[in-house]
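# Observations on the model geometry
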Amino acid sequence: MAQTKKKIGISIDCDLYEQAKSKYPKISTRINELLAMDLYGSDEKDKLVQELHDLKIKEKAITKRICELEKEEVKLEQSQSSRDSVLDWVNYIYSRIGVVPLNKLEKECDRNHVNFEEMKNYLEREEIATVNFA
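Residues numbered from 1 in each chain as written. Predicted model: local features only at pLDDT ≥ 70, side-chain atom pairs only at ≥ 80, totals over all residues. Heavy atoms only, no water.

### Focus on the environment of I93
Relative to the assigned elements, I93 resides in helix α2 (residues 27-97). Counting along the chain gives 18 residues from I93 to R111, while the straight-line C-alpha distance between them is 16 Å. Beyond its immediate sequence surroundings of up to four residues, I93 is in contact with G98, V99, V100 and P101. (Helix = DSSP H or I, 4+ residues; strand = E, 2+ residues; numbered from the N terminus. Contact = heavy atoms within 4.5 Å.)

If you want it as C-alpha cells, here you go:
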C-alpha cells in the first residue's frame with residue numbers, strides 16, 4: 001500500500017542536522033519513524049499497560065482459586081483424619097464388646113465432626129453389629 005507523502009519545511013538545529021546527516025542516509029525516513037513511534041507508540045503502550053493490568057487481575061483470581069483449593073484439601077485431610085479417629089474408636093469398642101452402641105457412636109461422631117448417618121451407613125455396609133443403647 002502506497003503512502004501519501006507531503007513535502008514540508010521544518011526547522012532543525014544545525015548541529016543536530018549535521019550529526020543526523022552523517023548517521024542516517026535519509027533523514028526524512030528517520031523523522032517519519034520517530035513521529036510514528038511518538039504518535040502511535042503511545043497507543044501500543046496503552047494496550048500493553050491494559051493487557052498487563054488484565055493479566056494481574058487474572059493472576060489474582062487464579063491465586064485466590066489456588067488458595068481455595070488448598071483450603072479444601074486441608075479440610076478433606078482433616079475430615080479423613082476425623083473419620084479415621086471414629087473408625088479407630090469403632091474398632092476398639094467392637095473388639096471389646098462385640099457391638100457398637102449407636103448413641104455412643106453419635107457422640108463420637110459429634111466430637112470428631114463426622115456425619116453420624118454416613119458412619120452408621122458405613123457400619124451397616126461392613127456388617128458391623130450395632131445396638132441403640134449400651
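And the narrative resumes.
### Topic: the pattern of salt bridges
Scanning the entire structure with this criterion turns up five salt bridges. The salt bridge partner of E33 is R30, with a shortest N-O separation of 3.2 Å. Placement of both E33 and R30 in helix α2 is noted, with a separation of three residues, approximately one turn of the helix. The salt bridge partner of R111 is E108, with a shortest N-O separation of 2.6 Å. With R111 and E108 both in helix α3 (residues 102-112) and three residues apart, the pair spans about one turn of that helix. One salt-bridge network, held together by shared partners, links R65, E68 and E72. (Salt bridge = Lys/Arg side-chain N within 4 Å of Asp/Glu carboxyl O.)

### Description of helix α4 (residues 116-125)
Within α4 the residues assigned to the buried category are F116, M119 and L123. Here the buried residues of α4 occupy an arc of 65 degrees about the axis, which is enough to place them on one side. In α4, those exposed residues whose orientation departs by more than 90 degrees from the buried face are E118 and R125. Downstream of α4 by one or two residues, E127 has phi in the positive range, about 55 degrees. (Buried < 20%, exposed > 50% of the residue type's maximum accessible area, 1.4 Å probe, protein only. Arc of directions from axis to C-beta.)

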